[in-house]
Amino acid sequence: GHKHLTSILEAMTEELEIRIVYQKYTSDQSGTYTLRPYAVKEFAKRWYIVGHCMERDALRVYGLDRILKLEITETNFEMEGNFDVDEVFATSFGIYLPEGPGQTITFKTSLTEAKYLRDLPLHKSQIEIAQDAESVTFSIFVCPNRNLIMEFCKYGSRIEVLSPEHVRNEVADELIKAASGY
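Because the structure is predicted, anything quoted here is derived from the model rather than measured. (Residues numbered from 1 in each chain as written. Predicted model: local features only at pLDDT ≥ 70, side-chain atom pairs only at ≥ 80, totals over all residues. Heavy atoms only, no water.)

## Considering the overall build of the protein
Which entries qualify depends on this criterion: To qualify as a helix, a DSSP run of H or I must reach at least 4 residues; to qualify as a strand, a run of E must reach at least 2; elements of each kind are numbered from the N terminus. Exposure is judged per residue with a 1.4 Å probe applied to protein chains only, and the accessible area is read against the type maximum: over 50% gives exposed, under 20% gives buried, and values in between give partly exposed. The contact definition used throughout considers only heavy atoms, calling two residues in contact when any of these lie within 4.5 Å. Shrake-Rupley sampling with a 1.4 Å probe provides the accessible areas, and residues are treated as covered by the protein chains on show and by no other component. Charge assignment in this entry is limited to Lys and Arg as positive and Asp and Glu as negative, and neither His nor the chain termini are counted. We put the charge of a Lys on NZ, of an Arg on CZ, of an Asp on CG and of a Glu on CD.
Of regular secondary structure, the protein possesses five helices and nine strands. Secondary structure of the protein in N-to-C order comes out as α-β-β-β-β-β-α-β-α-β-β-α-β-α. Viewed in the frame of its principal axes, the protein has a C-alpha envelope of about 65 × 40 × 30 Å. In the protein, which comprises 182 residues, the share counted as buried stands at 40%. Counting contacts in the protein only where the partners sit at least 6 residues apart, residues at least 24 apart contribute 57% of the total. Of the accessible surface of the protein, which amounts to about 10,800 Å², a share of 49% is contributed by carbon and sulfur atoms. Across the protein, the centroid of the 20 positively charged side chains sits 6 Å from that of the 28 negatively charged ones.

Here it is as structure tokens:
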């Protein structure tokens, strides 16, 4: 998707709307959308555009690798003066726009795994809240989403989500489904 970066940055600089033909991974149909491009964001080695979608009248996020066609229009827009992409995603994990308020999520790891998480935190809000002879407990403040559940699952038995209960259960359910395939 990086082939669209230059055009998107140009449109952002000139405050010009763009029109994209977009193909979701979860759909056989593509859609055409007009965006006011506010920011680009990278997550998990993929680029995304964050902008106001005119057809949906809402802030949306689109993966650049799923843009089939992009054109810069001649329609100017005025950037919202108070738009701050870091603030928008402050309680988000990954690229999903937060849906609802953030929550404190606590998890514990082995002393060895904690070394990795200190060097590369799961989220910028991560703090260490306890340590004993066998484990370290951390917390993050995010709006739970599918990306976060999958991130916890990635660590398998090396991380245990302690709270909230619904996040702990979602992780457990995913791990049980994964184990049943073996």
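## Brief notes about the pairing of strand β2 (residues 30-43)
Applicable threshold: For two strands to pair, DSSP has to find at least two bridges joining them.
As paired elements, strand β1 (residues 16-23) and β2 share six bridges and run antiparallel to each other. Considered in β2, the bridge of Ile20 is made with Tyr33. In the sheet, β2 pairs with strand β3 (residues 46-53) via eight bridges, with the strands oriented antiparallel. Residue pairing across strands places Arg36 opposite His52, the latter belonging to β3. Hairpin connection, β2 to β3: the antiparallel pair is bridged by two residues, and Ala44 has positive phi, about 50 degrees.

## Here we look at the sheet that holds strand β6 (residues 103-110)
Defined as follows: Axis definition: a line fitted to C-alpha atoms, limited for helices to the stretch in contact. Angles are taken between N-to-C directions and run from 0 to 180 degrees.
Strands sit in the order β7-β8-β6-β9 across an open sheet of four strands; the sheet is antiparallel. Across the chains shown, the open sheet's two edge strands, defined by having one partner strand only, are β7 (127-131) and β9 (159-163). For this sheet, the mean inter-axis angle between neighbouring strands, taken without regard to orientation, is 30 degrees. Two strands pair when backbone bridges link them, and β6 and strand β8 (residues 135-142) are joined in this way by eight bridges, in the antiparallel orientation. In the sheet register, Ser110 faces β8, and the bridge partner there is Ser135.

## Quick notes on the environment of Lys108
Relative to the elements of secondary structure, Lys108 occurs in strand β6. As for Lys108 and His52, which are separated by 56 residues in sequence, their C-alpha atoms are 38 Å apart.

## A short note on the packing of aromatic side chains
Selection criterion: For Phe, Tyr and Trp, where Trp contributes only its six-membered ring, two rings pair if their centres lie within 6.5 Å, and the inter-plane angle classes them as stacked under 30 degrees, edge-to-face over 60, or tilted in between. Remark: a charge is flagged as sitting over a ring if the NZ atom of Lys or the CZ atom of Arg is within 6 Å of the ring centre and within 35 degrees of the ring normal.
Counting across every chain of the model gives seven aromatic pairs. Seen from their ring centres, Tyr38 and Phe77 are 6.2 Å apart, and the 50 degrees between their planes marks the pair as tilted. In this pair, Tyr38 is assigned in strand β2 and Phe77 in the loop between β5 (67-76) and α2 (85-88), connecting sequence segments 39 residues apart. A cation over an aromatic ring shows up here: Lys41 above the ring of Phe89, its NZ or CZ 4.9 Å from the ring centre.

## Brief notes about the environment of Trp47
By secondary structure assignment, the location of Trp47 is in strand β3. In the structure, Trp47 is positioned 114 residues away from Val161 in sequence and 29 Å away in space, judged by C-alpha atoms. For Trp47, the contacting residues outside a window of four places in its chain are His2, Leu5, Val40, Lys41, Glu42, Tyr62, Gly63 and Leu64.

## Focus on the confidence of the model for the protein
Detailed reading of predicted coordinates is not advised where the pLDDT is low. Where we set the bar: Per-residue confidence from the predictor is given as pLDDT, running between 0 and 100.
For the protein, mean pLDDT is 94; residues scoring 70 or higher make up 99% of the total. Mean pLDDT across the elements of the protein ranges from a minimum in α2, with 90, to a maximum in β8, with 98.

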